Amino acid sequence: MQHVLDYLQTHHDQSVSLNQLAKVAGYSPCHFQRLCQQKLGLGPGKLNELIRLQRGYFLLSYRTWLPVTDVAFDSGYESPDSFSRAFKRVTGYTPTQFKAQQVTITPPLQSYLHQWNEENSTMSATSQVDFNAQINVVSLPELKVCAFRHTGHPARLNGSIQRFIGWRREHKLPPDQYRTFNFLHNDPTTVAPAAFCFDLACERPAKQVVLADDMRFDTIPAGRYASLKITGGEKVLEAAVNFITTDFIARHNEQAADFPVIVERLSFYPEVPYHRAQSHILLLLSK
């Protein structure tokens, strides 16, 4: 099924038939349709629609300057009206209402993928061997950044991301010119929602910039880092972070320094399909 999800994301702007998807999955059309219903609780046609709406949801959330018409076409719809009707049918809001009200709603595909993600959240032994083979210890110079801190319930993180993206856009600091980072202070699955802390950061420009509220100038310190580059979505990232902070430390008799785990976002959804997102995990090591 993962191959099918990846294929639909890559071909979200094309008409995809049941036969094509069954071929990607390696099953007959009839068997694939039953498997899709069993694994995700919906048919192939509905899955295709939700993947397109998922893309639209993220574009509306984090590319707020895009007109709804552009979002509709970018999401694979033939017209803004058809996109609007589908979006409202699934979320209860039209795209225009969603943008204007900045309401918090569940991404269209999330509830269907929850069980699938849970089944695949434990990385295989082979993947862990790959992680170990890909980790390097590197020495890096310090890097000055502009950072925005989110504290509180993870459900409100989207609002913080929107504000940070808006600030970057206002100051003309695009990700292809100024590197993008997250600082992971704790794990949202193991701390109380009120204690959750997560930093959004970008490389500090040479020009003078005015920081927004809740922002600060910060420095990624020079030092020795465990370095691991990965490709994949949040589940792969979560497994890789767990590996570098536990298995790697124990195997190599290292100790983490007093600085949060750094994730540099090299490419991210929806600029690239979810499964092709690239991240660089950095863990500062004690000398």
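Conventions we followed
- All residue numbers refer to position in the chain's written sequence, counted from 1.
- At least 70 in pLDDT is required for a residue's local features to be given in this predicted model, at least 80 for side-chain atom pairs to be given and counted, and no such filter applies to totals for whole chains, interfaces and linings, which use all residues.
- For the side-chain quantities, the full set of heavy atoms in the structure was used; hydrogens and water were omitted.
- The helix count covers DSSP runs of H or I at least four residues long, the strand count covers runs of E at least two residues long, and both are numbered beginning at the N terminus.
- Helices are assigned an expected span. That span is 1.5 Å times one less than the residue count.
- Each residue gets one of three labels from its accessible area relative to the maximum for its type: buried under 20%, exposed over 50%, partly exposed in between, using a 1.4 Å probe on protein chains only.
- Of all possible arcs, the one meant is that of the directions from the helix axis to the C-beta atoms.
- Fitting a line to C-alpha atoms yields each axis, with helices limited to the stretch in contact; the angle taken between N-to-C directions then spans 0 to 180 degrees.
- Roughly parallel refers to an angle under 35 degrees, roughly antiparallel to one over 145, roughly perpendicular to one between 65 and 115, and oblique to any angle outside these ranges.
- A contact between two residues is defined here by any heavy atoms of the two lying within 4.5 Å.
- Just so you know the grouping, Ala, Val, Leu, Ile, Met, Phe, Trp, Tyr, Cys and Pro go in nonpolar, Asp, Glu, Lys and Arg go in charged, and all remaining residues, Gly too, go in polar.
- Salt bridges are identified by distance alone: a Lys or Arg side-chain nitrogen within 4 Å of an Asp or Glu carboxyl oxygen.
- A pair of aromatic rings is counted whenever rings of Phe, Tyr or Trp (Trp by its six-membered ring) have centres within 6.5 Å, and the orientation is called stacked for planes under 30 degrees apart, edge-to-face for over 60 and tilted otherwise.
- Between any two strands, pairing holds if DSSP finds at least two bridges.
- As used here, the term nonpolar core means buried Ala, Val, Leu, Ile, Met, Phe, Trp, Tyr and Cys residues forming a set that is joined through side-chain atoms within 4.5 Å.

1. What about helix α3 (residues 29–40)?
Given 3.6 residues to a turn, an α-helix orients residues that are three or four positions apart in the same direction. The terminal C-alpha atoms of α3 lie 16 Å apart, and with 12 residues this matches the ideal 16 Å at 1.5 Å per residue to within 8%. Within α3 the residues assigned to the buried category are Phe32, Leu35, Cys36 and Leu40. Down the axis of α3, the sector holding all buried residues measures 105 degrees, keeping them to one side. At the C-terminal side of α3, Gly41 shows a positive phi close to 80 degrees.

2. So, the packing of helix α4 (residues 44–62) against helix α6 (residues 80–91)
Contact geometry of α4 with α6 gives a least axis separation of 10 Å together with a crossing angle of 95 degrees. Between α4 and α6, the angle falls in the class roughly perpendicular. On α6, the residues touching Lys46, Glu49, Leu50, Leu53, Gly56, Tyr57 and Leu60 of α4 are Phe83, Ala86, Phe87, Arg89 and Val90. Per-class residue counts for the contact of α4 with α6 are 8 nonpolar, 1 polar and 3 charged.

3. Let's talk about the pattern of salt bridges
Tallied over the full model, the rule gives 11 salt bridges. One salt bridge connects Glu49 with Arg89, and the closest N-O pair in it is separated by 2.2 Å. Here the residue Glu49 occupies a position in helix α4, and Arg89 occupies one in helix α6, the gap between them amounting to 40 residues. Among the salt bridges present, the one from Arg63 reaches Glu271, with a minimum N-O distance of 2.7 Å. Of this pair, Arg63 sits in the loop between α4 and α5 (68–74) while Glu271 sits in the loop between β7 (261–267) and β8 (278–284), and the two are 208 residues apart along the sequence. Members of the salt-bridge network, linked through shared partners, are Arg149, Asp199, Arg216 and Asp218.

4. Topic: the packing of aromatic side chains
All chains considered together, the criterion is met by 12 aromatic pairs. Residues Tyr57 and Phe58 carry aromatic rings whose centres are separated by 5.3 Å and whose planes lie at 80 degrees to one another, so their mutual orientation is edge-to-face. One exposure class covers both Tyr57 and Phe58, and it is buried. Among the aromatic residues, those joined into a cluster by ring pairs are Tyr57, Phe58, Tyr62, Tyr77, Phe83, Phe87, Phe98, Tyr269 and Tyr274.

5. A word on the environment of Asn253
Along the polypeptide, Asn253 turns up in the loop between α11 (234–251) and β7. Residue Asn253 is classed as exposed on the basis of its relative accessible area, which comes to 73%. Taking C-alpha positions, Asn253 is 39 Å from Leu173, a pair spaced 80 residues apart along the chain.

6. Regarding the pairing of strand β2 (residues 143–151)
Remark: a regular strand shows side chains that alternate across the two faces of the sheet. Relative to strand β5 (residues 215–220), β2 runs antiparallel, the two being bridged by 6 bridges. Looking at β5, one finds that Val145 is bridged to Asp218. Inspection of the sheet shows β2 paired to strand β4 (residues 197–203) by 7 bridges, in the antiparallel sense. In the sheet register, Arg149 faces β4, and the bridge partner there is Asp199.

7. Thoughts on the nonpolar core
Leu47, Phe83, Phe87 and Trp167 are the most contacted members of the largest nonpolar core, which has 46 residues in total. Contact partners of Phe87, with chain neighbours within four places excluded, come to Leu53, Tyr57, Leu60, Gly92, Tyr93, Thr94, Pro95, Phe98 and Ile105.

8. A look at the sheet that holds β2
Judged by pairing direction, the sheet is antiparallel, and its 8 strands sit side by side in the order β1-β6-β8-β7-β3-β4-β2-β5 without closing on themselves. Looking at the sheet topology across the chains shown, the edges are occupied by β1 (136–140) and β5. Taking each pair of neighbouring strands and ignoring which way they run, the sheet shows an average axis angle of 35 degrees. Bridging between β1 and strand β6 (residues 223–231) involves 5 bridges; their strand directions are antiparallel. Its bridge partner lying in β6, Asn136 is registered against Ser227. Across the sheet, helix α10 (residues 157–170) lies against β2, β3 (180–184), β4 and β5, angled at about 15 degrees from β4, the strand it touches most.

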